[in-house]
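The chain contents come next:
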Amino acid sequence: MASSNSKSTNETARKIFKILLTNPRIKVLWVKAHAGNIGNERADQLVKDATQHGQPYSLIKLPKPHIKGLLRNSMLEECQTSWKIVDTGRKIYNIMPSVNLRPTNWIKEDVIFFSQHGPFPTYLKTFHLSDRDYCSCGGISTALHYATECIYTVSWQMRNPAPNFEQEWLKRVANNLVSRHKIRGIVKFMSENRDLFRPP
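Just so we're clear, the structure is a prediction, and the values are computed from it rather than from any experiment. (Residues numbered from 1 in each chain as written. Predicted model: local features only at pLDDT ≥ 70, side-chain atom pairs only at ≥ 80, totals over all residues. Heavy atoms only, no water.)

A. Representation of a nonpolar patch on the surface in the model. Residues Leu-62, Ile-67, Leu-70 and Leu-71 make up a contiguous nonpolar surface patch of roughly 370 Å² in combined accessible area. You can see Ile-67 is positioned in helix α3 (residues 64–85). Looking at Ile-67, the relative accessible area reads 36%, which means it is partly exposed. (Patch = residues over 30% accessible without salt bridge, like charges linked within 9 Å, V, L, I, M, F, W, Y side chains within 5 Å. Areas by Shrake-Rupley, 256 points an atom, 1.4 Å probe, with all protein chains shown as cover. Salt bridge = Lys/Arg side-chain N within 4 Å of Asp/Glu carboxyl O. Helix = DSSP H or I, 4+ residues; strand = E, 2+ residues; numbered from the N terminus. Buried < 20%, exposed > 50% of the residue type's maximum accessible area, 1.4 Å probe, protein only.)

Next up, the structure:
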């Protein structure tokens, strides 16, 4: 292997050798070809794709920011594709369908409310942690119920969305800091007073 030979005249091999010398944690091992090694099979496939469909190798050095931008865009594109097709997280997807690198500034209570994975009897019933899916006030215990009509959360309530506009309502709440403070209050209150919300 040329890269492990310090006397090699190949410039690329000499660069690799220098990197290996300065980074003793990197180990280079021989791997038998076509023996089912996932990494090796993937490398072979990439080489084949590059020789058949790739661009000719160029010695033009690209600026690091340009390379970072290309990698970032490729990563975002891959994440977006995955986010569209996975089965999980659909409630959050309906609120935030686009992947981006900006933080949402959501805290735990925001995630609990918008994912509806929390102290809501409808959620707990799916895991057989509650026998019923209604609130002790008598309403169906969805996150929307607590945010708009439950008698126990009147202090934080918001206007009920028009029929068939629940998704738009959730998007508006997610993008409004005052509304998010209200849902945080609801989730904290529910978490601290679980017995109050259990159906009789």
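B. Local environment of helix α8 (residues 166–174). Listed in full, the buried residues belonging to α8 are Trp-169, Leu-170, Val-173 and Ala-174. The buried residues of α8 occupy an angular sector of 135° when projected down its axis, which confines them to one face. Turning to α8, the residues buried within the fold contact α4 (90–95), α5 (108–115), α7 (143–148) and α9 (177–192). (Arc of directions from axis to C-beta. Contact = heavy atoms within 4.5 Å.)

C. Quick look at the environment of His-34. Position of His-34 relative to the elements: it lies in the loop between α1 (11–22) and α2 (38–53). According to the relative accessible area criterion, His-34 is exposed, its value standing at 64%. Through-space distance from the C-alpha of His-34 to that of Leu-170 is 52 Å; in sequence the pair is 136 residues apart. Beyond its immediate stretch of four places on either side in the chain, His-34 contacts Asn-40, Glu-41 and Asp-44.

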